[in-house]
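So the chains spell out like this:
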Amino acid sequence: MDVWGPYKVATYNGMKFFLTLVDDYTRWTWTFLIRLKSDVIFILKNFLVMVKTQFGKSVKMFRSDNGSEFFNTQCSELFQLHEILHQSSCPYTPQQNGVVERRHRHILEIARAIRFQGHLPARFWGDCIETAEGTDQSFLDYLNMRTLYDHSTPDHEYYPHSTSTPARDSPIVPIPESSPVLNSDHGHSETSPTHSISTSIPPTSNPPTSMPTAVPKLSIPPIEVARKSSRTSKPPIWLKDYVTADKGTQSNSCRYPITAVIGYDQLSPKYQSYLSRFSSEQEPNSYYEAAKDKRWIEAIQTEIKALEDNKTWEIVPLPHEKRAIGFK
């Protein structure tokens with residue numbers, strides 16, 4: 001959960017913030033417009049009652065940042081009363097609360113697009129937030145959420161392109177393990193594992209008593225290869241102001257190399273030696289490379305001595321079944 005705001009313009013009913021609650025598993029989102037950050041406690045109380053009434057479940061954990069709207073006496077008493085764990089992110093690390101942070105960004109982008117395209121005044125930004133949060137969650141997501149909390153079977157009649165239950169007289173024909181299945185991505189046939197398909201056969205007066213042993217081979221229609229245009233492609237007109245390599249050439253050589261216009265011939269020998277030192281001195285990539293140079297060993301010992309003199313760290317035994325963090 002997280003609070004966004006304040007916005008520079010209040011809504012027509014005085015709202016300047018909105019609180020977002022995201023279910024960590026289903027990503028189902030609830031958004032509430034509020035006037036002040038202190039209204040969060042009232043929203044949370046109503047939210048806990050709503051979840052208990054509608055889904056028969058109890059909230060077990062809340063995760064938020066270290067804002068004062070979440071860490072106060074009222075919220076602590078509420079969480080303690082309902083035995084809810086409250087996790088908080090480390091200071092200046094919003095990525096630990098990244099689920100709701102990304103949801104905030106997504107909702108704000110949709111709301112901004114709605115307001116710009118609708119040419120709405122700024123005081124209607126709250127309605128855009130509520131509309132964006134509503135359009136982001138389809139009815140299919142709602143069915144999945146109800147299935148998760150109610151442990152019920154989703155009603156497939158509401159699913160688009162759903163597969164209906166096969167008729168009573170329709171036999172289930174097993175497909176062999178090595179049956180070819182068309183791959184829609186590349187247009188090639190691949191081998192798929194065993195599945196079952198339902199074939200509708202009109203009912204007869206004498207239903208078959210046994211299944212046929214031989215299964216006819218599936219015929220795969222030929223795939224039409226997309227026609228490639230024979231039109232000669234031309235570079236954009238704005239590229240005429242620049243020197244570019246031809247698209248059809250396979251050579252990676254530059255037409256005007258920089259070595260043709262820049263050189264070290266006009267520099268003095270001392271300055272050439274000075275410039276060459278920049279590329280000769282390379283920083284080691286690991287401790288084993290640094291240990292081969294006495295200068296790096298002296299620098300390491302000096303740094304360790306400074307840490308010991310300032311008492312920055314305290315050496316303690318490593319806990320059981322824990323591994324020390326390595327260095328570069």
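Everything that follows concerns the structure shown earlier in this document.
Residues numbered from 1 in each chain as written. Predicted model: local features only at pLDDT ≥ 70, side-chain atom pairs only at ≥ 80, totals over all residues. Heavy atoms only, no water.

Undergrad: Please clarify how the overall build of the protein chain should be interpreted in this entry.
TA: If you tally the helices and strands in the protein chain, you get eight helices and nine strands. Looking at the 328 residues of the protein chain, the share that counts as buried comes to 20%. Of all intrachain contacts in the protein chain linking residues separated by at least 6 positions in sequence, the fraction that spans at least 24 positions is 51%. In the form shown here, the protein chain has an accessible surface area of approximately 27200 Å², with 56% of it arising from carbon and sulfur atoms. (Helix = DSSP H or I, 4+ residues; strand = E, 2+ residues; numbered from the N terminus. Buried < 20%, exposed > 50% of the residue type's maximum accessible area, 1.4 Å probe, protein only. Contact = heavy atoms within 4.5 Å. Areas by Shrake-Rupley, 256 points an atom, 1.4 Å probe, with all protein chains shown as cover.)

Undergrad: Sorry if this is basic, but what is going on with the packing of aromatic side chains here?
TA: The relation between two aromatic rings is expressed through the spacing of the ring centres and the mutual angle of the planes. All told, the structure shown has ten aromatic pairs when counted by the stated rule. With 5.7 Å between their ring centres and 50° between their planes, Tyr 12 and Phe 124 make a pair best called tilted. Of this pair, Tyr 12 sits in the loop between strand 1 (2–4) and strand 2 (17–22) while Phe 124 is found in the loop between helix 3 (98–118) and helix 4 (125–135), placing the two residues 112 residues apart along the sequence. Owing to a relative accessible area of 26%, Phe 124 belongs among the partly exposed residues under this scheme. Summarising the aromatic geometry, the rings of Phe 62 and Phe 79 are spaced 5.4 Å apart at their centres and angled 35° between planes, so their arrangement reads as tilted. Taken together, the residues Phe 62 in strand 4 (residues 61–64) and Phe 79 in helix 2 (residues 73–81) connect sequence positions 17 residues apart. By the burial criterion, Phe 62 is buried, and Phe 79 matches it. Among the aromatic side chains, those forming a connected cluster through ring pairs are Trp 4, Tyr 7, Phe 18 and Trp 125. (Phe/Tyr/Trp six-rings, centres within 6.5 Å; stacked < 30°, edge-to-face > 60°.)

Undergrad: Explain the pattern of salt bridges here, please?
TA: One side chain can pair with another of opposite charge once the charged atoms of both are near each other. For the structure shown, the criterion picks out five salt bridges. A salt bridge links Asp 309 to Lys 305; its shortest N-O distance comes to 3.1 Å. Taken together, the positions of Asp 309 and Lys 305, both in helix 8 (residues 294–310) and four residues apart, correspond to about one turn of that helix. Each of Asp 24, Arg 27 and Arg 63 takes part in a single network of salt bridges with overlapping partners. (Salt bridge = Lys/Arg side-chain N within 4 Å of Asp/Glu carboxyl O.)

Undergrad: I would appreciate a short explanation of the pairing of strand 4 in the present structure.
TA: Both faces of the sheet carry side chains from a regular strand, because those side chains alternate between them. Going residue by residue along strand 4, you find Phe 62 and Ser 64 tucked away on one face and Met 61 and Arg 63 left uncovered on the opposite face. Across four bridges, the pairing between strand 4 and strand 5 (residues 85–88) is parallel. Counted as the bridge partner of Ser 64 is Ser 88 from strand 5. Considered for its hand, the β-α-β crossover made up of strand 4, helix 2 and strand 5 is right-handed. (Pairing = 2+ DSSP bridges. Right-handed = clockwise from strand over helix to strand, strands pointing away.)

Undergrad: Help me understand a nonpolar patch on the surface in this model?
TA: Residues Ile 237, Trp 238 and Tyr 242 make up a contiguous nonpolar surface patch of roughly 420 Å² in combined accessible area. In this structure, Tyr 242 sits in the loop between strand 9 (196–198) and helix 6 (269–280). (Patch = residues over 30% accessible without salt bridge, like charges linked within 9 Å, V, L, I, M, F, W, Y side chains within 5 Å.)

Undergrad: I tried to follow the side chain of Thr 93 on my own but got confused; where do I start?
TA: Inspection of the secondary structure puts Thr 93 in the loop between strand 5 and helix 3. Judged by relative accessible area, Thr 93 falls into the buried class, the value being 18%. Within the structure, the side chain of Thr 93 is placed 2.5 Å from the backbone oxygen of Cys 90, a separation counted as a polar contact. (Polar contact = N/O pair within 3.5 Å; in protein donor to acceptor, adjacent residues only side chain to side chain.)

Undergrad: How do you make sense of helix 1 (residues 40–55) when you look at a structure like this?
TA: A rise of 1.5 Å per residue sets the reference length of helix 1, with its 16 residues, at 22 Å; its end C-alpha atoms lie 22 Å apart and thus fit the reference within 8%. Restricting attention to buried positions, one finds in helix 1 the residues Val 40, Ile 41, Ile 43, Leu 44, Phe 47, Leu 48, Val 51 and Phe 55. One side of helix 1 holds all its buried residues, which, seen down the axis, span an arc of 155°. What points out from helix 1, more than 90 degrees from its buried face, is the exposed set Asn 46, Val 49 and Thr 53. Taken from the residues just after helix 1, Gly 56 is the one with a positive phi, measuring 65°. (Expected span 1.5 Å × (residues − 1). Arc of directions from axis to C-beta.)

Undergrad: I tried to follow unusual backbone geometry on my own but got confused; where do I start?
TA: Here the residue pair Gly 5 and Pro 6 is connected by a cis peptide bond, since its omega of 5° sits within 30 degrees of zero. Positive phi is not limited to glycine here, since Arg 27 has a value of about 60°. Looking at where Arg 27 falls in the secondary structure, it is placed in the loop between strand 2 and strand 3 (29–34). Even without being a glycine, Tyr 92 presents a positive backbone phi close to 60°. Within the secondary structure, Tyr 92 sits in the loop between strand 5 and helix 3.

Undergrad: What's the story with helix 4 in this structure? I'm lost.
TA: Owing to its 3.6 residues per turn, the α-helix brings residues three or four apart onto one side. Turning to helix 4, its buried residues are Trp 125, Gly 126, Cys 128, Ile 129, Ala 132 and Glu 133. With its buried residues spanning 160° around the axis, helix 4 presents them on a single face. On its buried face, helix 4 sits against strand 1, strand 2, strand 3 and helix 3.

Undergrad: Please clarify how the packing of helix 3 against helix 4 should be interpreted in this entry.
TA: A pair of packed helices is captured by two measures, namely the crossing angle of their axes and the spacing between those axes. Running from amino to carboxyl end, helix 3 crosses helix 4 at an angle of 120°, the nearest separation of the two axes being 8 Å. Here helix 3 lies oblique to helix 4, going by the angle between them. Relative to helix 4, the crossing made by helix 3 is right-handed. In this structure, helix 3 uses Ile 107, Leu 108, Ile 110, Ala 111, Ile 114 and Arg 115 to contact helix 4, whose residues at the interface are Cys 128, Ile 129, Thr 131, Ala 132, Glu 133 and Thr 135. Taken together, the residues of the contact of helix 3 with helix 4 break down into eight nonpolar, two polar and two charged. (Axes fitted to C-alpha atoms, helices over the stretch in contact; angles between N-to-C directions. Parallel < 35°, antiparallel > 145°, perpendicular 65-115°, else oblique. Left-handed = near helix turned anticlockwise from the far one by under 90°. Nonpolar A, V, L, I, M, F, W, Y, C, P; charged D, E, K, R; others polar.)

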